[in-house]
Amino acid sequence: MSNNNYILRVTVDENLCVGAGLCVLSSSDVFDQRDEDGVVKLLQEYPDQASYEKVLGAARKCPSKAIKVEQVNGDAP
Amino acid sequence: MSACPFSKASFPMPRQCPFLPPQEYQQFQQQPGAAQVRMWDGSSAWLFTRYDDVRAVLGDNRFSGNPSIPGFPSLSAARNAVLDLEPAFIRMDPPDHGRHRRMLTKEFMIKRVGAMRPRIESIFNRLLDEMLHKGPPANLVEDLFLPLTSEVIAGLLDVPNKDHGFFQEQSRLKVLLDVDPSIPKAASERILNYLDALVTERAKAPEGKEDLISRLIIEQVRPGHLSHRELVIMAELLLMAGHETTANQMALGVHSFLSNQDQLALLRNDPSLLRNAVEEMLRYHTIVHYNAFRVALEDVEVAGQLIRKGEGVIALIAGANHDPEAFEQPQKFDITRKADHHVAFSYGIHQCLGQPLARVELQVVFATLFERIPTLRFAVPQEQIEGKGDHFVQGLETLPVTW
Ligand code: HEM
Ligand code: SF4
């Protein structure tokens, strides 16, 4: 494992989510909504770097600040 | 800004151009911190007009949307009369707000609403057929947009077709600001009484029904999570929030395209601009133009301004959406700009629940209208088409067109 290997990590807080679905509109390959209550469902915790802009856009737009995007050091587990 | 530097500006302030926010917002944006404004009743409120500041206020739950808390800004006596009635979750704070909103979020999920698109298209095409059959001229608000948005939301709640005129009229009266308070109050009460009877009837046999009210009766009312009265109030919010707003946005969107033919040509040549065009019309018009009023639950500092507990705040989404720091040349209607970070649906926990539905309805209209009627144009001189002005929701009273 090389130390300058950054990977993208996305986390969501289901308690904060108000189900407006903006994340799904931004990147439907990373986010979905639970059938039972419309709350955000993370499809990929470690999306491809190519999704960075979109995922960051989703985090910025999320009205309840329920999405966090980080660049973490290391390889995806 | 008022001429005298020692007096506060009044809120709301009149628009100079019916389709753009008051020029004063631009001046406020150039000053640091918040501006103090005077309300009709002599009270003061803090006004935020910059994109970052508006989002900071609306994203902070130390600001409450509950109008019964002392210090909550008052827009007019007529508006007070509406806000005095029992609150729906749009006026609740956490945790009650989330409890109620979560009962509905699955109904407005992207995939659920996406599945409604074919139905929305077929309603719109049927209404267009009827209008074309009658021939020009037409009034798009009355002939197309109100019937479309009403049928969509009423379909979700299973409110009978014959009653659409009734709830359209009540919702029109409910948003009037500058009238005798008994007018909007009576309108709210009429619609609540109507829905009370409808919910009572529906509760007799909700099993096997497809509508949202029946589902809520089974999932929430029967297990005791929601009272009969709370359901009535929730249904009223959906019915009212769901049609008038979207219909007004459609009318203003058509107005923007007809008065910016270059933008219409762009959309015609490249239908992939449709989604962004819808975001741009939401941004440009920001029809819920006095949104959002809040009151501080504790001392909070925003943009260097200390707001004390109990002070009223107006975080103007119409200011934010025309902040040059967030949108270059904000006064220009430009469907190619990046617009989807707008706050036309507000921001924070109260951000519009129905936005996926509003988006799909708008996309259907603007994908279809100019394609089916390529020669669509105003039927009267353009200057005669006026904005609604002093209403809670900005829009057009009528939109006379011909083809
Ligand atoms: C273009 C159309 C629309 C616009 C511009 C719009 C705008 C807004 C805004 C600005 C708010 C925030 C209110 C606040 O902060 O106090 C809001 C809330 C809300 N809207 Fe919409 N809306 C639209 C269409 C709809 C539709 C179609 C529905 C469908 C039922 C709907 C249902 C709601 C509900 C339930 C809330 C309350 C959300 C909450 O408090 O958690 N709206 N809308
Ligand atoms: S954008 Fe935020 S609030 Fe909306 S569904 Fe996604 S996580 Fe939830």
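Shown above is the structure to which this text applies.
Residues numbered from 1 in each chain as written. Chains lettered and ligands numbered in written order. Predicted model: local features only at pLDDT ≥ 70, side-chain atom pairs only at ≥ 80, totals over all residues. Heavy atoms only, no water.

Novice: Looking at this model, I keep getting lost on the overall build of chain A. Mind explaining?
Specialist: Helix and strand counts for chain A come out as 2 helices and 4 strands. Walking chain A from its N terminus toward its C terminus, one meets helices and strands in the order β-α-β-β-α-β. For chain A, the proportion of its 77 residues judged to be buried stands at 45%. Within chain A, residue pairs in contact and separated by at least 24 positions form 64% of the contacts whose partners lie at least 6 positions apart. (Helix = DSSP H or I, 4+ residues; strand = E, 2+ residues; numbered from the N terminus. Buried < 20%, exposed > 50% of the residue type's maximum accessible area, 1.4 Å probe, protein only. Contact = heavy atoms within 4.5 Å.)

Novice: How do you make sense of the site of ligand 2 when you look at a structure like this?
Specialist: Near ligand 2 the following residues occur: C17, V18, G19, A20, G21, L22, C23, V40, C62, S64, A66 and I67 of chain A. Classifying every residue of the shell around ligand 2 by side-chain character gives 9 nonpolar, 3 polar and no charged. (Near = heavy atom within 4 Å. Nonpolar A, V, L, I, M, F, W, Y, C, P; charged D, E, K, R; others polar.)

Novice: How do you make sense of the environment of E53 of chain A when you look at a structure like this?
Specialist: Note that E53 of chain A resides in helix α2 (residues 52-61). C-alpha separation for the pair E53 of chain A and S27 of chain A, spaced 26 residues apart in sequence, amounts to 9.8 Å.

Novice: Could you clarify how one ought to interpret the pairing of strand β2 (residues 35-38) of chain B in this entry?
Specialist: Remember that side chains alternate between the two faces of the sheet whenever the strand is regular. Residues and elements named next belong to chain B. The side-chain alternation of β2 yields one buried face, formed by A35 and V37, and one unburied face, formed by Q36 and R38. Here strand β1 (residues 9-10) runs beside β2; their pairing, made up of 2 bridges, is parallel. By the bridge assignment, A9 is partnered in β2 with V37. You can see the chain leave β1, run along helix α1 (residues 24-30) and come back into β2, and the turn it takes is right-handed. Note that β2 and strand β3 (residues 44-48) share 4 bridges and pair antiparallel. For V37, the partnering residue across the bridge sits in β3 and is A45. (Pairing = 2+ DSSP bridges. Right-handed = clockwise from strand over helix to strand, strands pointing away.)

Novice: What am I meant to see in the coordination of the iron atom of ligand 1 here?
Specialist: Under perfect tetrahedral coordination by four donors, a metal shows angles of 109.5 degrees; under perfect octahedral coordination by six donors, it shows angles of 90 or 180 degrees. In this structure the iron atom of ligand 1 is ligated by exactly one protein donor, C352 of chain B (SG), at 2.3 Å. Along the chain, C352 of chain B falls in the loop between α14 (317-320) and α15 (355-372). (Donors = N, O, S within 2.8 Å, 3.2 Å for Na, K, Ca; no water.)

Novice: Sorry, what's going on with the interface of chain A and chain B here?
Specialist: Often, the extent of an interface is quoted as the loss of accessible area on bringing the components together. Each side of the interface is counted separately: chain A has 23 residues, and chain B has 18 residues. Across the chain A to chain B interface the summed buried area is about 1700 Å²; carbon plus sulfur atoms make up 49%. Looking at the side of chain A facing chain B, the largest losses of area belong to V18, K61 and P63 of chain A, adding up to 29% of the total buried there. Taken together, the connections running from chain A to chain B amount to 3 salt bridges. With a shortest N-O distance of 3.2 Å, K111 of chain B and D35 of chain A are connected by a salt bridge. Our enumeration of links across chain A and chain B arrives at 13 residue pairs in polar contact (both at pLDDT 80 or more). Every element with two or more residues in the side of chain A that touches chain B is listed here: α1 (22-26), β2 (31-33) and α2 of chain A. Counting residues per element, the side of chain A that touches chain B draws most heavily on α1 of chain A, at 3 residues. (Buried area = accessible area lost by both parts, 1.4 Å probe. Salt bridge = Lys/Arg side-chain N within 4 Å of Asp/Glu carboxyl O. Polar contact = N/O pair within 3.5 Å; in protein donor to acceptor, adjacent residues only side chain to side chain.)

Novice: Is there a simple way to think about the site of ligand 1 in this case?
Specialist: Residues and elements named next belong to chain B. Taken together, 28 residues lie near ligand 1, and H97, R101, R294, H350 and C352 sit nearest. Residue H97 places a side-chain N or O atom 2.7 Å away from an oxygen atom belonging to ligand 1. Between ligand 1 and R101 there is a distance of 2.8 Å, counted from an oxygen atom to a side-chain nitrogen or oxygen. For the shell around ligand 1, the secondary-structure elements that each account for two or more residues are α4 (96-102) and α11 (228-259). Looking at the shell around ligand 1 residue by residue, the class counts come to 17 nonpolar, 9 polar and 2 charged.

Novice: Hey, could you run me through the nonpolar core in this one?
Specialist: Nonpolar side chains tend to gather and get buried jointly when the protein is soluble and globular. Residues and elements named next belong to chain B. Counting residues in hydrophobic clusters, the biggest one holds 112 residues, and the most contacted among them are F11, L140, F145, V254, F257, L369 and L399. Element by element, the count of residues in this core is highest for α11, at 16 residues. Beyond its immediate stretch of four places on either side in the chain, F11 contacts Y25, V37, R38, M39, W40, L47, L75, Y290, F293, I314 and L316. (Core = buried A, V, L, I, M, F, W, Y, C linked by side-chain atoms within 4.5 Å.)

Novice: Teacher, can you tell me more about the sheet that holds β3 of chain B here?
Specialist: Hydrogen bonding along the main chain pairs the strands of a sheet, whether they run parallel or antiparallel. Residue and element names in this part refer to chain B. Here 6 strands make up an open sheet; going across it, the order is β1-β2-β3-β9-β6-β4 and the pairing mixed. Whereas interior strands pair on both sides, the edge strands pair on one side only; in this sheet they are β1 and β4 (63-64). Relative to strand β9 (residues 312-315), β3 is paired through 3 bridges, and the arrangement is parallel. From the neighbouring strand, F48 faces β9, where its bridge partner is A315.

Novice: Please explain the pattern of salt bridges as it appears in this structure.
Specialist: Side chains that differ in sign of charge can pair as their charged atoms come close. All chains considered together, the criterion is met by 33 salt bridges over all chains. Ionic pairing is found between R222 of chain B and E207 of chain B, a salt bridge with its closest N-O pair at 2.7 Å. Of this pair, R222 of chain B sits in the loop between α10 (212-221) and α11 while E207 of chain B sits in the loop between α9 (182-202) and α10, placing them 15 residues apart in sequence. Across the pair K338 of chain B and D340 of chain B runs a salt bridge whose closest N-O atoms are separated by 2.7 Å. We classify D340 of chain B as partly exposed; its relative accessible area is 28%. One connected set of salt bridges, linked through shared partners, spans E14, R34, E36 and D37 of chain A.

Novice: What's the story with helix α12 (residues 261-269) of chain B in this structure? I'm lost.
Specialist: Each turn of an α-helix holds 3.6 residues, which means side chains three or four residues apart point in the same direction. Residue and element names in this part refer to chain B. For α12, the complete set of buried residues consists of Q263, L264 and L267. Burial along α12 is one-sided: seen end-on, the buried residues are contained in an arc of 100°. Those residues of α12 hidden inside the fold are in contact with α11, α13 (274-285) and α15. (Arc of directions from axis to C-beta.)

Novice: Mind showing me how you'd approach the sheet that holds strand β5 (residues 138-139) of chain B here?
Specialist: All names here are of chain B. Across the sheet, which stays open at both edges, the 3 strands sit in the order β5-β11-β10 with antiparallel pairing between neighbours. Strand pairing shows two members of the sheet lacking a second neighbour, β5 and β10 (377-378), which therefore form its edges. Examined bridge by bridge, β5 and strand β11 (residues 400-402) share 2 bridges and lie antiparallel to one another. When the sheet's bridge partners are listed, A138 is paired in β11 with V401.

Function cannot be inferred from these measures alone, as they are strictly geometric.
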